[in-house]
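These are the residues of each chain, in order.
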Amino acid sequence: MEDKDKLSNPQVTIQTIQKYGFQFQKRYGQNFLIDDHVIRKILRAAEITREDIVVEIGPGIGTLTQYLAEAAGKVYAVEIDDKLLPILADTLSSYDNVEVIHQDILKCDLRQLVGEGKTCKIVANLPYYITTPIIMGLLEGHVPAESITVMVQKEVAERMAAEPGSKTYGALSLAVQYYAETYLAANVPLNCFMPRPAVGSAVIRLTRREQPPVEVKDDRWMFRLIRASFNERRKTLVNGLRNEPSLGISKEEAEAALTKMGLPLTVRGETLSLAQFGELADLLMK
Ligand code: SAM
């Protein structure tokens, strides 16, 4: 299909929406792309080839899907909104390598979808209201995804890629970086979407690590400590830990661990690296 006939041409999107009398659903985070430059940036960041199986989360009316279909071997497009199904059947009719799955991505078994033993690349302009559950579900659920290239809220992309000590560094940065390497591919202005979102967007690629960058006795315990450390950002790490009763860590225990690590007792969680959280978690392991 020629680019001028694709949905990335705003006129084609408007005609399609009018033809079907489609009403945008805010509750589903529906902001459709109308800019082919951005779509090409997403494809380049995702490094899609004919060998790839791609899972697209939320195809909408099929804008990104049309490009994915031309670049990949196979595309599974998982969409929750049944009103979009007849539109997708129309806009994707010239591609025989796309399968639209009518499902909530949070309930979808991707291992079964792509087939046992096969891997896939996840590509999406995500519905922002469920960005974190989707990303963490994909990373923690050990879904067979080599990489996840997604449009997210700019601030969320920055949090995922943040380094210790920066303002946006937190539990999400550590959780994402434990499982994946991050690469910020592009900032995307508001006028690339219809309707315009209220917040800026960015494309980020997460490439799954073969091995976590730190070895810990129990990673779930480490993440409980991490969450407690960032619960009260302006408190010291010691106070964050002892204020979370479910951990059962006393002030003395927390201070002894920090001393062993050569850290000041007034240190804040936001300055600790993943390696340091790993060491702390092992020292405080019950
Ligand atoms: N990919 C299209 C594009 O770029 O123009 C649409 C992106 S739009 C930001 C997000 C899409 O995700 C919408 O089509 C929305 O209906 C869909 N969606 C929202 N929640 C979903 C869920 N839980 N499972 C699957 N799709 C979902």
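Now for a quick tour of the structure. (Residues numbered from 1 in each chain as written. Predicted model: local features only at pLDDT ≥ 70, side-chain atom pairs only at ≥ 80, totals over all residues. Heavy atoms only, no water.)

Looking only at helices and strands, the protein features 12 helices and nine strands. Taking the principal axes of the C-alpha coordinates as reference, the protein spans close to 65 × 40 × 30 Å. Counting all 286 residues of the protein, 50% fall into the buried class. A separation of at least 24 residues holds for 68% of the contacts in the protein among residues at least 6 apart in sequence. On the protein, roughly 13800 Å² of surface is accessible, and the fraction owed to carbon and sulfur atoms is 48%. The centroid of the 34 positive side-chain charges in the protein is displaced by 5 Å from the centroid of its 37 negative side-chain charges. (Helix = DSSP H or I, 4+ residues; strand = E, 2+ residues; numbered from the N terminus. Buried < 20%, exposed > 50% of the residue type's maximum accessible area, 1.4 Å probe, protein only. Contact = heavy atoms within 4.5 Å. Areas by Shrake-Rupley, 256 points an atom, 1.4 Å probe, with all protein chains shown as cover. Lys, Arg positive; Asp, Glu negative; His and termini not counted. Charge placed at Lys NZ, Arg CZ, Asp CG, Glu CD.)

Moving on: the site of the ligand. Near the ligand you find 24 residues, and of these L33, G58, E79, D104 and Y129 are the closest. Within the side chain of E56, an N or O atom sits 3.2 Å from a nitrogen atom of the ligand. Within the contact set of the ligand, a nitrogen atom lies 3.4 Å away from a backbone nitrogen or oxygen of I80. In isolation the ligand offers 590 Å² of accessible surface; the protein chains occlude 99% of this area. For the ligand, the cavity whose grid points lie within 2 Å of the majority of its atoms is the largest pocket. If you list the elements that add at least two residues to the shell around the ligand, you get β1 (32–33) and β3 (74–79). Along the lines of polarity and charge, the residues of the shell around the ligand split into 12 nonpolar, eight polar and four charged. (Near = heavy atom within 4 Å. Polar contact = N/O pair within 3.5 Å; in protein donor to acceptor, adjacent residues only side chain to side chain. 1 Å grid on protein atoms, 1.4 Å probe; cavity = no way out; pocket = protein on both sides within 12 Å on 5 of 7 lines; lining within 4 Å. Sits in = over half its atoms within 2 Å of the grid points. Nonpolar A, V, L, I, M, F, W, Y, C, P; charged D, E, K, R; others polar.)

Let us now look at the pairing of strand β9 (residues 201–208). Within a regular beta strand, the side chains point alternately toward one face of the sheet and then the other, so they alternate between its two faces. Judged by how many residues are buried, β9 sits mostly within the fold: six of eight residues are covered. Relative to β9, strand β6 (residues 145–153) runs antiparallel, the two sharing seven bridges. Pairing of S147 across the sheet is with T207, part of β9. (Pairing = 2+ DSSP bridges.)

A few words now on the sheet that holds strand β7 (residues 180–188). If you walk across this open sheet you meet the seven strands as β4-β3-β2-β5-β6-β9-β7, and the pairing is mixed. Single-partner strands in this sheet number two, and they are β4 (98–102) and β7. Neighbour-to-neighbour, the strand axes of the sheet open up by a mean angle of 20°, direction not taken into account. Pairing of strand β2 (residues 53–57) with strand β5 (residues 120–125) involves three bridges; the strand directions are parallel. The residue of β5 that forms the bridge with V55 is I122. Against the sheet, helix α2 (residues 36–46) touches β5, β6, β7 and β9, its axis set at about 150° to β6. Contacts from helix α8 (residues 171–179) reach β7 and β9 within the one sheet, and its direction differs from that of β7 by about 120°. (Axes fitted to C-alpha atoms, helices over the stretch in contact; angles between N-to-C directions.)

Turning next to the side chain of D35. With respect to the helices, strands and loops of the structure, D35 is situated in the loop between β1 and α2. An unpaired buried charge is present at D35: no salt bridge exists, and K41, the closest side chain of opposite charge, is 7.5 Å distant. A polar atom in the side chain of D35 sits 3.1 Å from the backbone nitrogen of V38. Setting aside residues up to four positions removed in sequence, D35 forms contacts with S8 and C192. (Salt bridge = Lys/Arg side-chain N within 4 Å of Asp/Glu carboxyl O.)

In the contact formed by helix α9 (residues 219–231) and helix α12 (residues 274–283), the axes pass within 9 Å of each other and the chain directions differ by 110°. When the interaxial angle is binned, α9 and α12 end up roughly perpendicular. Crossing geometry of α9 relative to α12 is assigned as right-handed. In contact with W221, M222, L225, I226, S229 and F230 of α9, α12 contributes L274, F277, G278, L280 and A281. The class makeup of the residues in the contact of α9 with α12 is nine nonpolar, two polar and no charged. (Parallel < 35°, antiparallel > 145°, perpendicular 65-115°, else oblique. Left-handed = near helix turned anticlockwise from the far one by under 90°.)

Under the defined criterion, the tally for this structure stands at 11 salt bridges. E99 serves as the salt-bridge partner of K74, at 3.1 Å between the closest nitrogen and oxygen. With K74 in strand β3 and E99 in strand β4, this pair connects stretches of sequence that are 25 residues apart. Judged by relative accessible area, K74 falls into the partly exposed class, the value being 23%. A cluster of three or more residues bridged by salt bridges with shared partners is formed by D3, K6, R40 and E70.

Further remarks concern the environment of L92. Structurally, L92 can be placed in the loop between α4 (85–91) and β4. Sequence separation between L92 and A69 is 23 residues, and the spatial gap between their C-alpha atoms is 8.7 Å.

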